[in-house]
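An overview of the molecular structure
Listed below, chain by chain, are the residues.
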Amino acid sequence: MEHHPTSPRDTGPENPENPVSWRTGSQAHGGTGVSGHPTVRDDPDDVMVRRAATTGHRMAMGPGEPALTEWAAAGLALPDETVMMRYRLDRIVARLAADDLDGILLFDPMNVMYATYAPNMQVWLLHNQARYVFVGADGRLVLFDYPGCGFLSAHNPFVHEVRPATTFTYFLAGDRADKQAGSFAAEITELLAEHGGGGRRLALDSSTTLGVTALQDTGISLVEGTRVMEEARKVKGPDEITAMRCSLEGTRVACRKMFEAMAPGMSENQLWGVLWAEMLARHGEWMECRLLAAGDRTNPWFQECSSSIIENGDVVAFDTDLVGAYGMMSDISRTWVCGDAPATSEALRAHALAVEQINRNIDLLRPGMTFHDLAHRSWAPPEEEYRHYSVLFHGVGQCDEYPSIPFPSAWDESGYDGVLEPGMVMTVEAYVGARSGGHGIKLENQVLVTENGYENLSPWTLDLDRFELL
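Residues numbered from 1 in each chain as written. Predicted model: local features only at pLDDT ≥ 70, side-chain atom pairs only at ≥ 80, totals over all residues. Heavy atoms only, no water.

This part covers the sheet that holds strand β4 (residues 161–164). Spatially, 6 strands are ordered β4-β3-β2-β1-β5-β6 in an open sheet, and the strand pairing comes out mixed. Edge positions in the sheet fall to β4 and β6 (221–224), since each has one partner strand and no second. Strand-to-strand twist across the sheet, computed as the mean angle between neighbouring axes with direction ignored, equals 25°. Across 3 bridges, strand β1 (residues 103–106) lies against strand β5 (residues 201–204) in parallel orientation. When the bridges of β5 are listed, Gly103 appears paired with Leu202. (Pairing = 2+ DSSP bridges. Helix = DSSP H or I, 4+ residues; strand = E, 2+ residues; numbered from the N terminus. Axes fitted to C-alpha atoms, helices over the stretch in contact; angles between N-to-C directions.)

Okay, unusual backbone geometry next. Put simply, Glu65 and Pro66 share a cis peptide bond, and its omega is 10°. Here the phi dihedral of Tyr326 falls at roughly 60°; this positive angle occurs in a residue that is not glycine.

Next up on the list: the packing of helix α4 (residues 81–98) against helix α5 (residues 109–116). When two helices pack together, their arrangement is given by the angle between the helix axes and by the axis-to-axis distance. The interhelical angle for the contact between α4 and α5, taken along N-to-C directions, is 115°, at an axis separation of 7 Å. Contact residues: Met85, Tyr87, Arg88, Arg91 and Ile92 in α4; Met113, Tyr114, Ala115 and Thr116 in α5. Of the residues in the contact of α4 with α5, the class split is 6 nonpolar, 1 polar and 2 charged. (Contact = heavy atoms within 4.5 Å. Nonpolar A, V, L, I, M, F, W, Y, C, P; charged D, E, K, R; others polar.)

The next subject is the sheet that holds strand β7 (residues 286–287). Strand order in the open sheet formed by 3 strands is β7-β10-β11, with antiparallel pairing between adjacent strands. A single partner strand is all that each edge strand has here, and the edge strands are β7 and β11 (329–330). When β7 meets strand β10 (residues 322–323), the two strands line up antiparallel, connected through 2 bridges. Note that in β10 the partner of Met287 across the bridge is Leu322.

For the structure shown, the criterion picks out 17 aromatic pairs. Taking 6.3 Å as the distance between ring centres and 85° as the angle between the ring planes, the aromatic pair formed by Phe107 and Phe168 counts as edge-to-face. Here the residue Phe107 occupies a position in the loop between β1 and α5, and Phe168 occupies one in the loop between β4 and α6 (170–173), the gap between them amounting to 61 residues. For the ring pair Phe168 and Phe184, a centre distance of 4.6 Å and an interplane angle of 40° mean the geometry is tilted. With Phe168 in the loop between β4 and α6 and Phe184 in helix α7 (residues 177–195), the pair connects residues that are 16 residues apart, well separated along the chain. Among the aromatic residues, those joined into a cluster by ring pairs are Phe107, Tyr132, Phe144, Phe168 and Phe184. Here Lys442 stacks its cationic end above the ring of Tyr389, 4.4 Å away from the centre of that ring. (Phe/Tyr/Trp six-rings, centres within 6.5 Å; stacked < 30°, edge-to-face > 60°. Lys NZ or Arg CZ within 6 Å of the ring centre and 35° of its normal.)

A separate point is the state of the cysteines. The full count for this structure, using the stated rule, is 0 disulfides. Take Cys246: it sits in no disulfide, and the sulfur closest to it among the cysteines is that of Cys255, at 16 Å. Exposure remark for Cys246: the relative accessible area of 0% places this residue in the buried category. (Disulfide = S-S within 2.5 Å. Buried < 20%, exposed > 50% of the residue type's maximum accessible area, 1.4 Å probe, protein only.)

In this section: the nonpolar core. The biggest cluster of nonpolar side chains holds 69 residues, and the ones touching the most others in it are Ile92, Ile104 and Val135. Residue contributions to this core peak at 9 residues, all from helix α10 (residues 238–261). When near neighbours in sequence (up to four residues on either side) are disregarded, Ile92 contacts Ile104, Tyr114, Ala115, Val135, Met229 and Ala232. Residues Phe393, Met426, Ala430 and Val449 belong to the second largest nonpolar core, which totals 36 residues. (Core = buried A, V, L, I, M, F, W, Y, C linked by side-chain atoms within 4.5 Å.)

It is worth spelling out the side chain of Asn128 at this point. Within the element layout of this structure, Asn128 appears in the loop between α5 and β2 (132–136). Judged by its relative accessible area of 6%, Asn128 is buried.

Here we come to the pairing of strand β3 (residues 141–145). Counted residue by residue, β3 has 5 buried out of 5 residues, so it is predominantly covered. Both faces of β3 are covered, namely the face carrying Leu141, Leu143 and Asp145 and the face carrying Val142 and Phe144. Judged from the 4 bridges that link them, β2 and β3 form a sheet pairing that is antiparallel. The residue of β3 that forms the bridge with Tyr132 is Phe144. Where β2 folds back on β3, the antiparallel hairpin that results is connected by 4 residues, among which Gly139 adopts a positive phi of roughly 95°. Bridge count between β3 and β4: 4 bridges; the pairing is parallel. Within the sheet, the bridge partner assigned to Phe144 lies in β4 and is Arg163.

What follows is the structure, given as structure tokens:
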């Protein structure tokens, strides 16, 4: 299958039925916005829509303050987002060529974001299939967007075309769902014929049963698309790493604000709300979980943030799972002691073990290390005495990503092999909670696999009583 390079959005006549399929290009204007995005070259008829697509577009406006000043003070550069968009599309097309696929159809909002760099109602779309993307073997990128949202991808010069999504879920289509699914499948079949490599092999990351059967009824051969996208996303480009550094710095400052706000008498929810507010102020998107717990609620782990009151001397453990600036995840965990009372002896012992686990296991992260060896050479406190986290390591990019490295005791049931490569980003995890009782400790660092070893992207103290840069 021939690998055609990607090219910018068509410069031909506007589609009269889709007036927002605008043309873009970095040489079509006199400059770029804060984030370096090209602006829309051709004015649509509606000036308000044009404003929404350009000066009023949050992706074009960029992070703003206080993020820009804080990142500059930290010596951070801003990513070239246009280069990042091109890198991601090329990664997808290369995977299609490697797997002899004619195209891929994406519904998962994280995959849609990777392909288009155009967020839209990300959480809502997790349970409403009203937005999807087709990428052909020739690099053709067609976004099917929610009605009235065509302007949201105007900043991306590699989105060739925007069409209205044909929805076929019962919520959005009711008893028209079968007919709508047929129309949807026919449109995808036409694109596959025009922009594939001559076959009918289409990767699909997810859909409803109706969507799957409608595509199969056209004679399309469906292939698991989640694997394709995880492989495409696993190695980060230079600008993705630059974007991740900004996301992590925003998260560090937000966590520092939470550390400073923490006081006896607050509820877990109130403290978690500080992190939400501070991460949003720094161009963050959302946090995927509610993992903050205090005192006895830290053991066992995975008790969600609640109305429970934090007491003096309680440990407060949290896991950010934070989709931050530029849509890049900052996935770190820390545990602190609240107030001026000392931590319990059980907490101090668990903390010492968790720190040891992080420090010993991070040194295993280097290119060429197999997933099997990573799991079996790792260190953790005895499982018969201490509860542990679900995994030892996992990948991270836009969210938790491939791979997931289980404990040796779980390898036969859930382990799979592979090799660490430069450009992959991993987290090293530790949770330690004594089975006999007492407070538990959660720690986690985010780590870049380099050509010669690793770089800790979250070089912040692991201490119970302070939170600072190392």
